[in-house]
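# Close look at the chain arrangement
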Amino acid sequence: MIRVLIAEDQTLVRGALRALLELEEDLEVVAEVGRGDAVVDAAREHRPDVALLDIEMPGGDGIEAARALATAVPGCRAVILTTFGRPGFLRRAMEVGAAGFLVKDAPVAELARGIRAVMTGERVIDRELAAAALAIGATPLSAREADVLRAAVDGATVADIAGRLFLSEGTVRNYLSSAIGKTGARTRVEAARVAAEKGWL
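Attention here is on the structure that accompanies the text. Please read all numbers here as calculations on a predicted model, not as lab measurements. (Residues numbered from 1 in each chain as written. Predicted model: local features only at pLDDT ≥ 70, side-chain atom pairs only at ≥ 80, totals over all residues. Heavy atoms only, no water.)

### Overview of unusual backbone geometry
At Arg 47, a residue that is not glycine, the phi angle is positive and equals roughly 50°. With respect to the helices and strands, the residue Arg 47 is situated in the loop between helix H2 (39-46) and strand E3 (50-54). The residue Phe 166 is not glycine, and still its phi comes out positive at about 60°. (Helix = DSSP H or I, 4+ residues; strand = E, 2+ residues; numbered from the N terminus.)

### Here we look at the sheet that holds strand E5 (residues 100-103)
Where strands meet in a sheet, backbone hydrogen bonds hold them as pairs that are either parallel or antiparallel. An order of E2-E1-E3-E4-E5-E6 is seen for the 6 strands of this open sheet, with the pairing classed as parallel. Each edge of the sheet is formed by a strand with only one pairing partner; in this case those strands are strand E2 (27-33) and strand E6 (124-125). Pairing analysis gives 2 bridges linking E5 to E6, with the strands arranged parallel. By the bridge assignment, Phe 101 is partnered in E6 with Ile 125. Contacts from helix H1 (residues 11-21) reach strand E1 (2-7), E2, E3 and strand E4 (77-82) within the one sheet, and its direction differs from that of E2 by about 165°. (Pairing = 2+ DSSP bridges. Contact = heavy atoms within 4.5 Å. Axes fitted to C-alpha atoms, helices over the stretch in contact; angles between N-to-C directions.)

### Regarding helix H8 (residues 158-165)
Among all positions of H8, only Val 158, Ile 161, Ala 162 and Leu 165 are buried. Buried positions in H8, seen along its axis, are confined to an arc of 100° and lie on one side of it. Of the surrounding secondary structure, the elements contacted by the buried residues of H8 are helix H7 (143-152), helix H9 (169-183) and helix H10 (188-197). Of the residues trailing H8, Phe 166 is marked for its positive phi of about 60°. (Buried < 20%, exposed > 50% of the residue type's maximum accessible area, 1.4 Å probe, protein only. Arc of directions from axis to C-beta.)

### Focus on the pairing of E2
Along a regular strand, successive side chains alternate from one face of the sheet to the other. Most of E2 is tucked away, with 5 of its 7 residues classed as buried. Of the strand pairs in this sheet, E1 and E2 are connected by 6 bridges, and their pairing is parallel. What sits directly across from Ala 7, in E2, is Val 33. Between the parallel pair E1 and E2, the chain is carried across by H1, and the sense of this crossover is right-handed. (Right-handed = clockwise from strand over helix to strand, strands pointing away.)

### Focus: the nonpolar core
Counting 28 residues, the largest nonpolar core has Leu 5, Leu 53, Leu 69, Ile 80 and Phe 101 as the members making the most contacts within it. Elements supplying a minimum of two residues to this core: E1, E2, H2, E3, helix H3 (62-72), E4 and helix H4 (87-95). If we skip the residues at most four places from it in the chain, Leu 5 touches Ala 31, Val 33, Val 39, Ala 42, Ala 43, Pro 48, Val 50, Ala 51 and Leu 52. In this structure, Leu 141, Ala 156, Val 158 and Ala 192 belong to the second largest nonpolar core, which totals 22 residues. (Core = buried A, V, L, I, M, F, W, Y, C linked by side-chain atoms within 4.5 Å.)

### Section: the side chain of Glu 145
As for its position among the elements, Glu 145 is in helix H7. Here Glu 145 falls in the buried class, since its relative accessible area comes to 5%. At 2.9 Å, the side chain of Glu 145 forms a polar contact with the side chain of Lys 182. (Polar contact = N/O pair within 3.5 Å; in protein donor to acceptor, adjacent residues only side chain to side chain.)

In structure tokens form, the structure reads like this:
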């Protein structure tokens, strides 16, 4: 049996995934969590072979959970499962060592095949998303520009961002200006939105 952990913040979706996966003779859901920061503890306790991780959850996203799992429970393979088919998310997931990246509207038979494939050491990636990632290329933002844009998402002032990231206000303005130019936006809020939509944050 392949032991599966499901991390999904929507109870209905989580229950449906469990019910559908347990129809497969070789899959057993051994744990469910609704928060990103609960993944590692559940994996340590239940020792799943595969963790299906939603990309957006309270307590940390699925990509950060995959990164933490790679260190804390290296025998557990992370598969990002998302409604957000954004190429930037795919790149970030691969960078942290995720074994798969599938969209939620894929048929359950495809998901089950993906789980079995990662158990044999394969990487499983949604084909359309992989093609889009190749077409768009890597993020143009530097790590610091991305940090500053993340801090700007909620409309924080330059002073707030500077205090939060331990930077001078002039440095924050420079990073914001550069990020705005690279995203083709007109304002920092618009730049943060564009970058988030492309999965660069």
